[in-house]
Amino acid sequence: MHEHGAGAALVGLAALIHRRYSEICAVHDLTPAQAQLLCMLKDRPRGLTELSRLLGLARPGLSGLVDRIERRGLVQRDNPAHDRRAVTLSTTPLGQQIVDALYVDITSQLPDLLDDVAPDDRRIFERVASDIAAGGGFPGTCGGSCPTAAG
């Protein structure tokens, strides 16, 4: 893949990561988008504007995603007392249970992709990948709480 450059390598890596991430999400009966949303809510509630920015979704797309996952009983909407127009999203107890289990699986299974990489190369890859993710607004995690996958 060297003759095709970094772009081709990154696309191939993104596809590989996305496939593994999708498989892990499916075990938990989640789409990758639903999993990312839950991961962003793992440690704290977030407003819809913040979630829209973190997910890169326009408000209508986010509303549809939230509606689907809310019907499953995994998240709940709240209106903060100080601003009745604002909507905050948080996990329900079931949603928290699922995202905690998802997090364990992601952190234990995605790194398996690096099993055949030499330890020194793996450390370099981890540093470079973290730098790239942080430069793109993802400090190694999805909203600071949960691993994310490309795609």
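The coordinates are above.
Values in this document were obtained by computation on a predicted structure and should not be read as measured data.

Caption draft 1: Quick look at the nonpolar core. Leu30, Leu37, Leu38, Leu51, Leu89 and Leu102 are the most contacted members of the largest nonpolar core, which has 27 residues in total. Within the residue set of this core, elements represented by two or more residues are helix 1 (5-27), helix 2 (32-40), helix 3 (48-55), helix 4 (59-71) and helix 5 (93-109). The leading source of residues in this core is helix 2, at five residues. What Leu37 contacts, discounting residues up to four positions off in sequence, is Leu51, Leu55, Leu65, Val66, Ile69 and Leu89.

Caption draft 2: Fine view of the pattern of salt bridges. Counted under the stated rule, the structure contains nine salt bridges. For Lys42, the salt bridge is made with Asp43, and the minimal N-O distance between the two is 3.5 Å. Note that Asp67 and Arg77 form a salt bridge whose closest N and O atoms lie 2.3 Å from each other. Residue Asp67 is located in helix 4, and its partner Arg77 is located in strand 2 (residues 75-78); the two are separated by 10 residues in the primary sequence. Classification of Asp67 by relative accessible area gives partly exposed; the value is 31%. Each member of the salt-bridge network shares a partner with another, and the members are Arg44, Arg46 and Glu50.

Caption draft 3: Region of interest: the sheet that holds strand 1 (residues 46-47). Within the open sheet, the three strands sit side by side as 1-3-2. Their pairing is antiparallel. The open sheet has two edge strands with one neighbour each: strand 1 and strand 2. Pairing geometry for strand 2 and strand 3 (residues 88-91), over four bridges, is antiparallel. Among the inter-strand pairings, Arg77 is bridged to a residue of strand 3, identified as Leu89. Each of strand 2 and strand 3 is contacted by helix 4, which is oriented at about 120 degrees to strand 2, the strand it contacts most.

Caption draft 4: Up close: the packing of aromatic side chains. For the structure on display, the rule yields zero aromatic pairs. Here the guanidinium or amino end of Lys42 rests over the ring plane of Tyr103, the centre of that ring lying 4.6 Å away.

Caption draft 5: Here's a closer look at the state of the cysteines. Across all of its chains, the model carries zero disulfides by this definition. In this structure Cys25 is not part of a disulfide, and its nearest cysteine sulfur, from Cys39, lies 7.5 Å away.

Caption draft 6: Representation of the side chain of Gln34 in the model. By secondary structure assignment, the location of Gln34 is in helix 2. Owing to a relative accessible area of 8%, Gln34 belongs among the buried residues under this scheme. Beyond its immediate chain neighbours, meaning those up to four positions away, Gln34 contacts Asp29, Leu65, Arg68, Ile69 and Arg72.

The rules behind these values
Residues numbered from 1 in each chain as written. Predicted model: local features only at pLDDT ≥ 70, side-chain atom pairs only at ≥ 80, totals over all residues. Heavy atoms only, no water. Core = buried A, V, L, I, M, F, W, Y, C linked by side-chain atoms within 4.5 Å. Buried < 20%, exposed > 50% of the residue type's maximum accessible area, 1.4 Å probe, protein only. Helix = DSSP H or I, 4+ residues; strand = E, 2+ residues; numbered from the N terminus. Contact = heavy atoms within 4.5 Å. Salt bridge = Lys/Arg side-chain N within 4 Å of Asp/Glu carboxyl O. Pairing = 2+ DSSP bridges. Axes fitted to C-alpha atoms, helices over the stretch in contact; angles between N-to-C directions. Phe/Tyr/Trp six-rings, centres within 6.5 Å; stacked < 30°, edge-to-face > 60°. Lys NZ or Arg CZ within 6 Å of the ring centre and 35° of its normal. Disulfide = S-S within 2.5 Å.

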